[in-house]
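Descriptive analysis of the structure
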Amino acid sequence: MNKRITFITVFLLLSLNAFASHDFLTGTGVVSQGYAGAGSADKDEPSLIFLNPSRISSGDRSRISFGFVLGHKDLRINNNSFEEGDYSIFEGGFIIPFSGKLKDLYFGLALTFPQPSIMYLYSQDPQYPQFINYRNIRRYSIKPALSYRFFGKFAVGAALDVFGDSYGKAKVTIDLANQKTTQSDFIMDQKFTYTPILGCSYDFSEILSVALSYRFENKLNLKIDTNFDMQLLNMNVIEDGQSFFIPAEITLGFVSRPVKNLKLLLDIGYMFFSDMPEQYVIIDIEPSVLFPSVKNTEAKRISAKDVMRVKVGGGYRIFNEKIELRAGYQYFPTSIPDQIYNTNILDSDRHTFAIGSGIHLNDPSGLLSNGLDFNMYFQYHYLTRRSFNKADPLDPYGDYSIGGNIIEGGLGISFSL
């Protein structure tokens, strides 16, 4: 019986949204995604608030942008998909410069609306229920920012990353004989949290810009009470713990223009994953024909380590600077140690390859003072194959390997007023 409960607990503890999470790229915008997320020292776009809010004061006029992203993820255990599906994200924002005595002050706002995948349940054996509970229920993010520019070269900025998430109760009825969910009822409420983002930057010349930013830890602890009605078995699972987590990160960014029409970008970020909180669930199984009454409140410490990720990108303008071709690469090492004991937190190194382009069109009507920019990108995320060999040969799950990939593309428009 203890092994059976441990087995259920192991699967429930997969709820950490670390493996192939999109949260570390969401909000960076269609332009910077063409550079694989690099751009903390770039300029003009409202989405740079997430990377470095000081950069919204790098232009001299109002700026508005919109973007839409479509993606497909395929995450695998032992070469079998356990999380596969499509997602979509809408992002946009604006930058407004003040006038008069406040002419060096800028206000910006960036918004991100992810499409959530609330819950996935798998019953692999009708006699022994097994569950993978994968959460990504972040609803939306709003990032207001202020930036002030001194002497036309040095800028400081501050922003708040405000996001809403869901919590509440759910009732799920599962037909074990046919291994399918027959009813799902969710009663979800909204909860909000926020985290500051600070940044500064210096434009040495048209050739080189340097930026430094610090994004504070962002997390939300929620309680979701889910009741599973499975014929003769009734199980209550209270997921009480971390629902959303982004570690604190300090990033040093560079943008260089060594020759005309060429732009090179480099971001080096240090991420404090060692602050990741414990994961835990409460399992309360009522007495039935299949099980006696069982309660479990065991917490699992992740022992994550700090990591450094690197993003590099480049853009080259052709046809009288009307078209920019972009490319980028990001290396994001895993922070999760080998899962050799009773936890199964799934994460592996990620390599992101990106290409993109921007097309600038003049506005003959004169309504848009700086014309209209169409931007697009395509990314491939390769999640390296990683094997876990359990220290205990009697481990209820045993040895396994993970891997996967994500394919993503986005379109956007930007213009100045």
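Predicted model only: the values in this text are computed from it and were never measured.

Focus: the overall build of the protein chain
- For the protein chain, the helix and strand inventory stands at 2 helices and 20 strands.
- Looking at the protein chain as a whole, 54% of its 417 residues qualify as buried.
- Of the contacts made within the protein chain by residues no fewer than 6 positions apart, 67% connect residues no fewer than 24 positions apart.
- Accessible area for the protein chain stands at about 18100 Å²; split by element, carbon and sulfur atoms hold 59% of it.

Remarks on the confidence of the model for the protein chain
- Counting all residues, the mean pLDDT for the protein chain is 79, and 75% of those residues have values of 70 or more.
- Residue range residues 1–24 is modelled with pLDDT below 50. Its contacts to residues more than four positions away, or to other chains, number 89 contacts.
- In the model, residues 116–137 has pLDDT below 50 throughout and makes 82 contacts with residues more than four positions away in sequence or in other chains.

A look at the packing of aromatic side chains
- The tally for this structure, following the rule as stated, stands at 9 aromatic pairs.
- Each ring, one from Y270 and one from F272, has its centre 5.1 Å from the other, and the planes form 75 degrees; the classification is edge-to-face.
- Y270 sits in the partly exposed class, given a relative accessible area of 32%.
- Within the aromatic cluster, the residues linked to one another by ring pairs are Y148, F150 and F154.
- The cationic tip of R215 hangs over the ring face of F50; the distance from NZ or CZ to the ring centre is 4.3 Å.

A few points about the pattern of salt bridges
- Taken as a whole, this structure holds 12 salt bridges when the rule is applied.
- With a closest N to O distance of 3.0 Å, R76 and D74 form a salt bridge.
- Under the relative-accessibility criterion, D74 is labelled buried at 7%.
- For the salt bridge of R309 with E249, the shortest nitrogen-to-oxygen distance reads 3.2 Å. In this pair, R309 is assigned in strand 16 (residues 307–318) and E249 in strand 10 (residues 249–256), connecting sequence segments 60 residues apart. There is no split in this pair, since R309 and E249 are both buried.
- One salt-bridge network, in which partners are shared between bridges, spans E45, R63 and D373.

Let's talk about unusual backbone geometry
- Here N78, not a glycine, exhibits a phi torsion of approximately 50 degrees, which is positive.
- Here N78 is to be found in the loop between strand 1 (63–77) and strand 2 (80–97).
- Assessed through its relative accessible area of 36%, N78 is described here as partly exposed.
- In this model, F319 sits at a positive phi of 55 degrees, which is unusual for a non-glycine residue.
- Topologically, F319 is positioned in the loop between strand 16 and strand 17 (323–332).
- F319 sits in the exposed class, given a relative accessible area of 61%.

Some thoughts on the environment of L325
- Looking at where L325 falls in the secondary structure, it is placed in strand 17.
- Along the chain, L325 and G356 lie 31 residues apart, while their C-alpha atoms are 6.2 Å from each other.
- Once residues lying within four places of it in the same chain are set aside, the contact partners of L325 are G314, G315, Y316, I318, G356 and S357.

With respect to the layout of surface pockets
- Space inside the largest pocket adds up to approximately 860 Å³.
- Surrounding the largest pocket, 34 residues form its lining, K43, D44, K263, R317 and E324 being those nearest its centre.
- For the lining of the largest pocket, the elements supplying multiple residues, two or more each, are strand 11 (262–271), strand 16, strand 17, strand 18 (350–361), strand 19 (372–388) and strand 20 (400–416).
- Of the residues forming the lining of the largest pocket, the biggest block, 3 residues, is contributed by strand 18.
- Looking at the lining of the largest pocket residue by residue, the classes come out as 7 nonpolar, 11 polar and 16 charged.

With respect to the pairing of strand 2
- Judged from the 15 bridges that link them, strand 1 and strand 2 form a sheet pairing that is antiparallel. Bridge pairing in strand 2 links G71 to Y87.

Focus: the environment of G59
- Mapped onto the elements, G59 comes out in the loop between helix 2 (29–33) and strand 1.
- With 15 residues separating them in the primary sequence, G59 and D44 have C-alpha atoms 5.5 Å apart.
- Once residues lying within four places of it in the same chain are set aside, the contact partners of G59 are D44 and Y106.

Describing a nonpolar patch on the surface
- On the surface, a nonpolar cluster with roughly 760 Å² of combined accessible area is contributed by F150, F151, F154, V156, Y202, F204, I207 and L208.
- If you trace the backbone, F154 turns up in strand 5 (residues 154–175).
- Under the relative-accessibility criterion, F154 is labelled partly exposed at 31%.

Definitions and cut-offs
Residues numbered from 1 in each chain as written. Predicted model: local features only at pLDDT ≥ 70, side-chain atom pairs only at ≥ 80, totals over all residues. Heavy atoms only, no water. Helix = DSSP H or I, 4+ residues; strand = E, 2+ residues; numbered from the N terminus. Buried < 20%, exposed > 50% of the residue type's maximum accessible area, 1.4 Å probe, protein only. Contact = heavy atoms within 4.5 Å. Areas by Shrake-Rupley, 256 points an atom, 1.4 Å probe, with all protein chains shown as cover. pLDDT = per-residue confidence, 0-100. Phe/Tyr/Trp six-rings, centres within 6.5 Å; stacked < 30°, edge-to-face > 60°. Lys NZ or Arg CZ within 6 Å of the ring centre and 35° of its normal. Salt bridge = Lys/Arg side-chain N within 4 Å of Asp/Glu carboxyl O. 1 Å grid on protein atoms, 1.4 Å probe; cavity = no way out; pocket = protein on both sides within 12 Å on 5 of 7 lines; lining within 4 Å. Points joined across faces, edges and corners; volume = space filled by probe spheres on them. Nonpolar A, V, L, I, M, F, W, Y, C, P; charged D, E, K, R; others polar. Pairing = 2+ DSSP bridges. Patch = residues over 30% accessible without salt bridge, like charges linked within 9 Å, V, L, I, M, F, W, Y side chains within 5 Å.

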